Amino acid sequence: MRKTTTSAIWFRRFKTVMWYVVTIFGAVIMLLPFVWMVSTSFKVENEIFSMPIRWFPKKVTIANYTRALEVVPIFKCMLNTLIIAVPKILGEVFVSALVAFGFARFHFKGRNFLFMIMLATMMLPYEVTMIPTFMVWSGLGFSDSYVPLILPAFCGSASFIFFLRMYFETVPRDYEEAAWIDGAKNLKVFRMIFVPLAKPALITISLWSFMGTWNDLLGQLIYIDSQPKYTIQLALASFSSMTGETLWGPLMAASFMALIPVIALLLYAQKYFMEGVKMGGVKG
Amino acid sequence: MKKREKAGFFFILPWLIGLIVFTAFPMIAAVYISMTDWDIVGNAAFIGINNYKMLFSSEEFIRSLWVTVRYAVIAVPLIIATSLTMAVLVSKNRKGSGVFRVIYYMPAIVSGVAVAIVFKWILDPSYGLLNGVLSFFGIQGPDWLYDPDWVLPSYLIMAVWGAGGSLLTYLAALKDIPEDLYGAAMIDGANVFQRVKYITVPLMTPIIFYNLVLGIIGAFRKFTDAYVLGGAGKEGNFYMVYLYEEAFGHYRMGYATALAWVLFVIILLLTFIVNWTKKYWVYSE
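Residues numbered from 1 in each chain as written. Chains lettered and ligands numbered in written order. Predicted model: local features only at pLDDT ≥ 70, side-chain atom pairs only at ≥ 80, totals over all residues. Heavy atoms only, no water.

Counting its secondary structure elements, chain B contains 13 helices and two strands. When its C-alpha atoms are laid out on the principal axes, chain B stretches across 75 × 75 × 35 Å. Buried residues in chain B amount to 51% of all 285 residues. Considering only intrachain contacts with a sequence separation of at least 6, the fraction spanning at least 24 residues in chain B is 67%. Total accessible area on chain B is roughly 14000 Å²; 67% of this is exposed by carbon and sulfur atoms. One finds the centroid of the 21 positive side-chain charges in chain B at a distance of 11 Å from the centroid of its 18 negative side-chain charges. (Helix = DSSP H or I, 4+ residues; strand = E, 2+ residues; numbered from the N terminus. Buried < 20%, exposed > 50% of the residue type's maximum accessible area, 1.4 Å probe, protein only. Contact = heavy atoms within 4.5 Å. Areas by Shrake-Rupley, 256 points an atom, 1.4 Å probe, with all protein chains shown as cover. Lys, Arg positive; Asp, Glu negative; His and termini not counted. Charge placed at Lys NZ, Arg CZ, Asp CG, Glu CD.)

Bringing the overall build of chain A into the picture now. Along the backbone of chain A there are 15 helices and zero strands. Taken over C-alpha atoms, the radius of gyration comes to 25 Å for chain A, far larger than the 19 Å a tight globule of 284 residues would show. Taken over the C-alpha atoms alone, chain A extends approximately 80 × 75 × 30 Å along its principal axes. Counting the 284 residues in chain A, one finds 50% classified as buried. For chain A, the proportion of contacts with a sequence separation of at least 24, taken over those separated by at least 6, is 71%. Counting only carbon and sulfur atoms, one obtains 68% of the accessible surface of chain A, whose full area is about 13900 Å². Of the side chains in chain A, 25 bear a positive and 15 a negative charge, and the two mean positions are spaced by 12 Å. (Rg over C-alpha atoms; globule rule 2.2 N^0.38 Å.)

Listed per partner, the contact involves 84 residues of chain A and 81 residues of chain B. One can count one salt bridge joining chain A with chain B. Residue E127(A) pairs with R221(B) through a salt bridge whose shortest N-O separation is 3.1 Å. In this assembly, chain A and chain B are joined by nine residue pairs in polar contact (both at pLDDT 80 or more). Top contributing element to the side of chain A that touches chain B by residue count: helix α1 (residues 2–41) of chain A, with 18 residues. (Salt bridge = Lys/Arg side-chain N within 4 Å of Asp/Glu carboxyl O. Polar contact = N/O pair within 3.5 Å; in protein donor to acceptor, adjacent residues only side chain to side chain.)

To continue, consider the packing of aromatic side chains. Applying the stated criterion to the full structure yields 46 aromatic pairs over all chains. Relative to F190(A), the ring of F94(A) lies with its centre 6.5 Å away and its plane at 70°, an arrangement referred to as edge-to-face. Taken together, the residues F94(A) in helix α4 (residues 74–105) and F190(A) in helix α10 (residues 186–197) connect sequence positions 96 residues apart. Classification of F190(A) as buried rests on a relative accessible area of 2%. Joined through ring pairs, the aromatic side chains of F94(A), F101(A), F106(A), F168(A), F190(A), F194(A), F10(B) and F11(B) make up one cluster. (Phe/Tyr/Trp six-rings, centres within 6.5 Å; stacked < 30°, edge-to-face > 60°.)

On to the confidence of the model for chain B. It should be kept in mind that the predicted coordinates are not to be read in detail where pLDDT is low. Summing up the model confidence of chain B, the mean pLDDT is 91 and the portion of residues at 70 or higher is 98%. Overall fold confidence for the complex sits at a pTM of 0.91, while the interface term, ipTM, reaches 0.89. (pLDDT = per-residue confidence, 0-100.)

Now for the side chain of S209(A). Residues and elements named next belong to chain A. Relative to the helices and strands, S209 resides in helix α11 (residues 199–215). Looking at S209, its side chain comes within polar contact range of the side chain of E92, at 2.7 Å. Sequence-distant contacts of S209, defined by excluding residues within four places in its chain, comprise I89, E92 and F160.

Two residues of an α-helix separated by three or four positions point the same way, owing to the 3.6 residues in each turn. Taking 1.5 Å of rise per residue, the 21 residues of helix α14 (residues 248–268) of chain A would be expected to cover 30 Å, and the 29 Å separating its terminal C-alpha atoms lies within 8% of that figure. The principal kink in α14(A), of about 35°, is found at L259(A), preceding the proline P261(A) by one to four residues. (Expected span 1.5 Å × (residues − 1). Bend = angle between axes of the 7 residues up to and from the residue.)

Moving on, we get to the packing of α14(A) against helix α4 (residues 97–109) of chain B. Packed helices, taken two at a time, are described by their axes: the angle between them and the distance between them. Axis separation between α14(A) and α4(B) bottoms out at 11 Å; the angle between their running directions is 140°. One way to sum up the angle between α14(A) and α4(B) is to call them oblique. The interaxial crossing formed by α14(A) with α4(B) has right-handed handedness. The segment α14(A) lies against α4(B), with V262(A), I263(A), L266(A) and L267(A) engaging V102(B), Y105(B), M106(B) and I109(B). Among the residues making up the contact of α14(A) with α4(B), the classes are represented as eight nonpolar, no polar and no charged. (Axes fitted to C-alpha atoms, helices over the stretch in contact; angles between N-to-C directions. Parallel < 35°, antiparallel > 145°, perpendicular 65-115°, else oblique. Left-handed = near helix turned anticlockwise from the far one by under 90°. Nonpolar A, V, L, I, M, F, W, Y, C, P; charged D, E, K, R; others polar.)

See below:
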């Protein structure tokens, strides 16, 4: 009897060790491209092109960073992305919350039908409406402009509305009934009860919206033409054509700079990223 | 009560306007545009279904569709298997699980051009990290993106690396499986494989189904990586890249819109097919 217990303990220890071996291996693979990117960005040319590969630079240089900043004004391009992202996020989150509130808390004619339509639009590939929408914007004189990238966000986003409606539906009815009996206006109920309760969900979708905007290439490629208006994605995508040849050192430096805000945000707000999916509702 | 009904309508109004302006109207317009010969500048000439006829006899269309289909068929199951494995691993509550969760999730969130560029460098035939590591083991690596036969594997490597995108949905689903189910199975003498086969997998099928649908749609809409990386012999010419080039490179708006409709129909059909198979493998209570 005693013997089986000790062997069971050893088996459990073995399992734990195996778990760490496999999980750490996976994590190393996941981190390797980042390590390689950072390492390359600090290498001098002949170390970049050395075989066998050199994991870490022997001689650390920041020349790649200065060169990258000469090729494209990376910080200005990041600022351009922010100029799109900030109003877009504000509009998208606020309007999505309003619409979700409408779908979650009011019974009006055709509500379920409209909600079904909204779900259907989530399936519709953006590509089908992409070209006609582009034609309309350029017809209205908005070519080489941020407006087409920002304004549609003020109509809300179907997936955010869907997510927030789920969240709002878990709010107990008595919360707002009391307020309504007191004669509070709908907007006040929304602002005083639903917005505070949904704060974590609102932060989560703001982060999603930011990541979506920061990483979007297709939309920005279509609507932005002139270099001074380039976003960070466009700057990176056109980097090689600007230098005429592929300069790996400066490219890695530029990529690293472009990723820093995103990685920093993920680490800083990881709670909201990681819990975003499982928070189906209000606790308590 | 009447007043409150109106208020609800008022709240959804912004979305409704968006639906009409940015979805319904462009969709109707897209039907018409797809039947015209239009290069933006001039007038649109109505040519009926000619664009569709042209498209199906176009070699480039067939090739880009073939590239995309091949990628989807392999990448989608590969991504599901990878991220499920990751989820099972990091769902354990051991020291450091939280850190591993973030690390596995990170590649999915930092997508975009920068990551594609980094992979182009990693896959560089002469000085890239991958071939460097392979040569350490005495293996002469292929030319990856510069060899038509190795373009697809290159994209698959990237796809697996970024598989953590659906990790969180699997984690949430794993958490929802009641612990006592496993306890009861263990009392009945079920070993670990039986427990995975009869409890974990069936209870995960709804979320696998959800990610399968999203995965197929995502694979067919692949753009950013392919736009940046390309690939020898046009093997990296994914459907969306082809569509983009036709529309904004050659300004063939009518033809490109027809391409978009075909993509839409393909995605719709696949979704229906997957949905039809649901009753054979997705567990429902």
